[in-house]
Amino acid sequence: MNDNINADDSRTQRRRDPGGAQTAAWKQTLDDMDAIAEQRRDDGWEVVTIMAAHTDTVSRDMGEDDTFGLIHVVPNNYVDQFTNVFDSDEFTEYLAYGSAIDGFMYVVTELLDAETDRSILIASRYDMARADGMIKSAEDEGALYTHVKTIDGTILGSFRHEEYAPLVSRPKS
């Protein structure tokens, strides 16, 4: 056992998900994304669904180039789907659907191009215990950003949220 890792660390225990609540919450998030996508498609929309492999909460002082916000890392198999649809000038609205479980936010962020009936749904999970710096950066800026990037760090697209409270609401633990 590594001496640097404390087996009693509450964050470590929370990540292990002994009761299965986080696994169930992630499954529900994916089910919600599928249901939203199905409804949009039934209404005639073009829909892209993406499952973030990892989501970071990045503050201004963490980034090399002053980039902050929710950074969704997406596997390469989602790159073409996203880049073929996303245009930051056309996707101007968003909705957020989610819940807080054990200090983690489980969120489906829906980026919308209402003019041409297009939607990009991103399922993600992030640790609110690590979000204070990001929230402070958003408060200072008056906006929060969603960035979609590849595993190698290439930014595929960014979205500015003028109203960001639904993405950073504190979990009720």
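As the structure is a prediction and not an experimental result, all values here were calculated from the model. (Residues numbered from 1 in each chain as written. Predicted model: local features only at pLDDT ≥ 70, side-chain atom pairs only at ≥ 80, totals over all residues. Heavy atoms only, no water.)

Asker: Account for the overall build of the protein, with residues named and values stated.
Answerer: Per the secondary structure count, the protein includes 5 helices and 8 strands. Along the protein, helices (α) and strands (β) appear in the sequence α-α-β-β-β-α-β-β-β-α-β-β-α when read from the amino end. Contacts in the protein between residues at least 24 apart in sequence constitute 59% of all its contacts with a sequence separation of at least 6. Approximately 9,500 Å² of the protein is accessible, and the part contributed by carbon and sulfur atoms is 45%. (Helix = DSSP H or I, 4+ residues; strand = E, 2+ residues; numbered from the N terminus. Contact = heavy atoms within 4.5 Å. Areas by Shrake-Rupley, 256 points an atom, 1.4 Å probe, with all protein chains shown as cover.)

Asker: So, the sheet that holds strand E4 (residues 93-101): which residues are in play, and what are the values?
Answerer: Judged by pairing direction, the sheet is mixed, and its 4 strands sit side by side in the order E1-E6-E5-E4 without closing on themselves. Two strands lie at the open edges of the sheet, namely strand E1 (46-51) and E4, each paired on one side alone. Pairs of neighbouring strands in the sheet enclose a mean axial angle of 15°, with direction left out of account. Of the pairings in the sheet, the one linking E1 to strand E6 (residues 118-127) comprises 6 bridges and is parallel in character. Residue pairing across strands places Val47 opposite Ser119, the latter belonging to E6. (Pairing = 2+ DSSP bridges. Axes fitted to C-alpha atoms, helices over the stretch in contact; angles between N-to-C directions.)

Asker: So what about helix H4 (residues 132-141)? Which residues, and what values?
Answerer: Considered for burial, the residues of H4 that qualify are Met134, Ile135, Ser137 and Ala138. Summarising the axial view, the buried residues of H4 lie within an arc of 160°, below the 170-degree limit, and thus occupy one face. Away from the buried face of H4 by more than 90 degrees, exposed residues Glu139 and Asp140 are located. For H4, the elements touching its buried residues are strand E2 (54-58), strand E3 (69-74), strand E7 (144-150) and helix H5 (165-168). At the exit of H4 stands Gly142, carrying a positive phi of roughly 80°. (Buried < 20%, exposed > 50% of the residue type's maximum accessible area, 1.4 Å probe, protein only. Arc of directions from axis to C-beta.)

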